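Single-letter residue listing:
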Amino acid sequence: APSPGRAARAVARARERERDARRAMTDAEDVELRGAAEIARKQREELVREFESRRRLRATHAPTHDADVRAMLRKYREPITLFGERESERRDRLRALLASLDARDGGELDDGAGTRTATDKYGATIVDEGEYNAHATQKETFYTEGTERLLECRIDIAEWSLPRAAKRVATQREARGKGGRKDERATIDAVVASTSGFQAQCSEIGDASRPICEVKFYNGGRNAVSASWSGEARKWACDVEGGKLTSELVIRASDHRITGIDAFDAGDGRARIVTGHADGSAAIWNADGSRAAELKGHASRCGRVAFHPHGGKYVATASFDATWRLWSAETGEELLCQEGHAKEVYDVAFHPDGSLAASVGLDAVGRVWDLRIGKSIAVLRGHVKQILSVDFSPNGYHVVTGGDDRTVKSWDLRKSAECAYTNAAHSALVSCVRYEKTSSNGAFFTSSSYDGSVVVYSARDFAPHKKIGDGAAGKLTAVDVAGDALILSGFDRTLKYYTK
């Protein structure tokens, strides 16, 4: 029989082997955890670098004109063009280059001519005196010197808009003083309830071959204009009582697709129509279909277009060159080229007083601009995909937007452009949003969608009230409403007219 001492030593050795095995397992687990932690750390660092790169890219400004872009690429000894590269892609490549140089130099950037720039403790750009280069990248707000004609335009808009704004505010205060908010809400609710009476009256072919891209009322809803991808624009007479649409004029506007249309009638027989085209140009047309002016300057295709409410004296065009521009409707002269978006600008709209403009684009951001001083006064952030439409409320402080994220968002300019409400009433992208402006003072607004429906919302609480269409008409591209009439367009090449 084994001695007790030998058995005790065997037990001790077994326990030691067990401790060694346990220690080895612990060490292996520690190594595995350290490896996982190292991988997680590297992933976090990579995400931080990616976010920082995106931030630098958003904060990096590059010239808009293609000749300036090529000049800067040449200074940095980069290819001035790549095979198949378009102007907008070339500008994006330059912005990415400037952002990478900025990251590499730690915020100190060579302007391409040997000049070094840095920032002081207040964030201001420091450039050696005598070596200033106009293309030096700045990350703070900057201003571009405008023309004398732009100054005259800003003064004209200020003189016209300020009395209108004062009158609007006085009217709103008087209405609230008489009956209070309770009567105001009751009036809005009554108007919204009346929209349940919208009934289809007629459907007219708007183009023989291509979808209708946009339709808008003008002249108080007595007329409408439509545009199609075939390059054809039409003027329509709207009979609310008879429920009829009558084509009055056909304009062969362009050999390219029309991307946007608007019309304005000042009441003196000088009705004007403006169309934007896929070749980057736009044109203004007289009431008889003759061309009044051609607007050329965009480096890429146009988006939607809009007349300024000041007698139709000015026109705004959105473009895929990441700018929107302001033009003289009388001469066709370019007055303003406004940058500020990171990607393509799709739609632009004017405030009813004429003092502000709103632009939205494929960067999922909206901006509100003060036309009197040329400054961005509000940024509309909240959409998760590209924004395709924007409109101002007649009350002066609400803005509505619709986008590819299938939502309609209402914003309050009195609260730092805060998103007041988000509606998800559609199952496909929202193609157009429009307020009623002619008779109800913006008591309701509408939205159209690729799901084939139009939704009517109350302007009081932004809640959806009525849904028009069951999707049988296919994708809807635009909607507009004026008084007791509603009109919509779509991929089925027709215009559908509804009245109460």
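Here the structure is a predicted model, which is why all the values come from computation and not from measurement. (Residues numbered from 1 in each chain as written. Predicted model: local features only at pLDDT ≥ 70, side-chain atom pairs only at ≥ 80, totals over all residues. Heavy atoms only, no water.)

1. Structural notes on the overall build of the protein
Summing up its helical and strand segments, the protein has 4 helices and 31 strands in all. Taken over 500 residues, the protein has a buried fraction of 47%. In the protein, 48% of the contacts between residues at least 6 apart in sequence involve partners at least 24 apart. As presented, the protein carries roughly 24,400 Å² of accessible surface, and 50% of it is formed by carbon and sulfur atoms. (Helix = DSSP H or I, 4+ residues; strand = E, 2+ residues; numbered from the N terminus. Buried < 20%, exposed > 50% of the residue type's maximum accessible area, 1.4 Å probe, protein only. Contact = heavy atoms within 4.5 Å. Areas by Shrake-Rupley, 256 points an atom, 1.4 Å probe, with all protein chains shown as cover.)

2. Details of the sheet that holds strand S18 (residues 356-361)
The strand order across the open sheet built from 4 strands is S17-S18-S19-S20, with neighbouring strands paired in antiparallel fashion. The strands lining the two open edges of the sheet, one partner per strand, are strand S17 (345-350) and strand S20 (375-381). For this sheet the average axis-to-axis angle between neighbouring strands, irrespective of direction, equals 20°. Two elements, strand S19 (residues 365-370) and S20, share 6 bridges in a ladder whose sense is antiparallel. Of the residues in S20, the one forming a bridge with glycine 366 is leucine 380. (Pairing = 2+ DSSP bridges. Axes fitted to C-alpha atoms, helices over the stretch in contact; angles between N-to-C directions.)

3. A few points about the sheet that holds strand S13 (residues 302-307)
Spatially, the 4 strands line up as an open sheet ordered S13-S14-S15-S16, and their pairing is antiparallel. Lying at the two open borders of the sheet, with one neighbouring strand each, are S13 and strand S16 (334-338). Sheet twist, expressed as the average angle between the axes of neighbouring strands with direction ignored, equals 20°. Of the pairings in the sheet, the one linking S13 to strand S14 (residues 314-319) comprises 4 bridges and is antiparallel in character. Bridging from a neighbouring strand, valine 305 pairs with threonine 317 of S14.

4. As for the pattern of salt bridges
Taken as a whole, this structure holds 28 salt bridges when the rule is applied. The partner of lysine 313 in a salt bridge is aspartate 156, with the nearest N and O atoms 2.8 Å apart. Linking lysine 313 in the loop between S13 and S14 with aspartate 156 in helix H4 (residues 148-194), this pair joins segments that are 157 residues apart in sequence. Each of Asp66, Arg70, Glu85, Arg90 and Arg93 takes part in a single network of salt bridges with overlapping partners. (Salt bridge = Lys/Arg side-chain N within 4 Å of Asp/Glu carboxyl O.)

5. Looking at the pairing of strand S6 (residues 223-228)
In terms of burial, S6 is largely enclosed, as 6 of its 6 residues are buried. Side chains Asn223, Val225 and Ala227 project from S6 onto one buried face, and the interleaved Ala224, Ser226 and Ser228 project onto a second face that is buried too. Where strand S5 (residues 212-218) folds back onto S6 in an antiparallel hairpin, the turn is made up of 4 residues, including asparagine 219, whose phi is positive at roughly 60°. Pairing geometry for S6 and strand S7 (residues 232-239), over 5 bridges, is antiparallel. Directly across from valine 225, in S7, lies its bridge partner lysine 235.

6. Topic: the nonpolar core
With 29 residues, the main nonpolar core has Phe217, Leu245, Leu486, Ile487 and Tyr497 as its most contacted residues. Breaking this core down by element, the ones donating at least two residues are H4, S5, S7, strand S27 (454-458), strand S29 (476-482), strand S30 (485-490) and strand S31 (494-499). It is S29 that contributes the most residues to this core, 5 residues altogether. Those residues in contact with isoleucine 487, other than ones at most four positions away along the chain, are Val215, Phe217, Ala224, Leu245, Ala478, Val479, Asp480, Leu495, Lys496 and Tyr497. (Core = buried A, V, L, I, M, F, W, Y, C linked by side-chain atoms within 4.5 Å.)

7. Focus: the environment of leucine 326
Its place among the elements puts leucine 326 in strand S15 (residues 324-328). Each residue touching leucine 326, except ones within four places of it in the same chain, is listed here: Cys153, Tyr314, Val315, Ala316, Glu333, Glu334, Leu335, Leu336 and Phe350.

8. Details of the packing of aromatic side chains
The geometry of an aromatic ring pair is captured by the separation of the ring centres together with the interplanar angle, meaning the angle of the planes. Enumeration over the complete set of coordinates arrives at 8 aromatic pairs. With a centroid separation of 5.4 Å and 80° between ring planes, the pair formed by tryptophan 229 and phenylalanine 491 is classed as edge-to-face. Highlighted residues: tryptophan 229 in the loop between S6 and S7 and phenylalanine 491 in the loop between S30 and S31, separated in sequence by 262 residues. Aromatic pair tyrosine 435 and phenylalanine 445: ring centres 5.0 Å apart, planes at 45°, arrangement tilted. Of this pair, tyrosine 435 sits in strand S25 (residues 430-435) while phenylalanine 445 sits in strand S26 (residues 444-449), and the two are 10 residues apart along the sequence. (Phe/Tyr/Trp six-rings, centres within 6.5 Å; stacked < 30°, edge-to-face > 60°.)

9. Notes on the pairing of S16
Here S15 pairs with S16 via 4 bridges, running antiparallel. Of the residues in S16, the one forming a bridge with leucine 326 is leucine 336.

10. A few points about helix H2 (residues 66-75)
Every buried residue of H2 is listed here: Val69, Met72 and Leu73. Considered in projection along H2, the buried side chains sweep an arc of 100° and stay on one side of the axis. Of the exposed residues in H2, the ones pointing more than 90 degrees away from its buried face are Ala67 and Arg74. Following H2 by one or two positions, arginine 77 adopts a phi angle in the positive range, close to 60°. (Arc of directions from axis to C-beta.)

11. Quick notes on unusual backbone geometry
Positive phi, close to 70°, is recorded for alanine 322, a residue that is not glycine. The topology assignment puts alanine 322 in the loop between S14 and S15. Since its relative accessible area comes to 9%, alanine 322 is described here as buried.

12. Some points on the side chain of histidine 310
On the secondary structure map, histidine 310 appears in the loop between S13 and S14. The class for histidine 310 is buried, based on a relative accessible area of 11%. Separated by 3.3 Å, the side chains of histidine 310 and aspartate 156 make a polar contact. Sequence-distant contacts of histidine 310, defined by excluding residues within four places in its chain, comprise Asp156 and Trp160. (Polar contact = N/O pair within 3.5 Å; in protein donor to acceptor, adjacent residues only side chain to side chain.)

13. Observations concerning the confidence of the model for the protein
Counting all residues, the mean pLDDT for the protein is 85, and 87% of those residues have values of 70 or more. Highest mean pLDDT in the protein belongs to S17 (97); lowest belongs to strand S3 (residues 125-127) (38). A low-confidence stretch, residues 106-138 (pLDDT under 50), is modelled with 56 contacts involving residues beyond four sequence positions or located in other chains. (pLDDT = per-residue confidence, 0-100.)

14. A word on the side chain of aspartate 363
Locating aspartate 363 in the fold gives a position in the loop between S18 and S19. A polar contact of 3.1 Å, which involves the side chain of aspartate 363, links it to the backbone nitrogen of alanine 342. Residue contacts for aspartate 363: discarding those within four places in its chain leaves His341, Ala342, Lys343 and Glu344.

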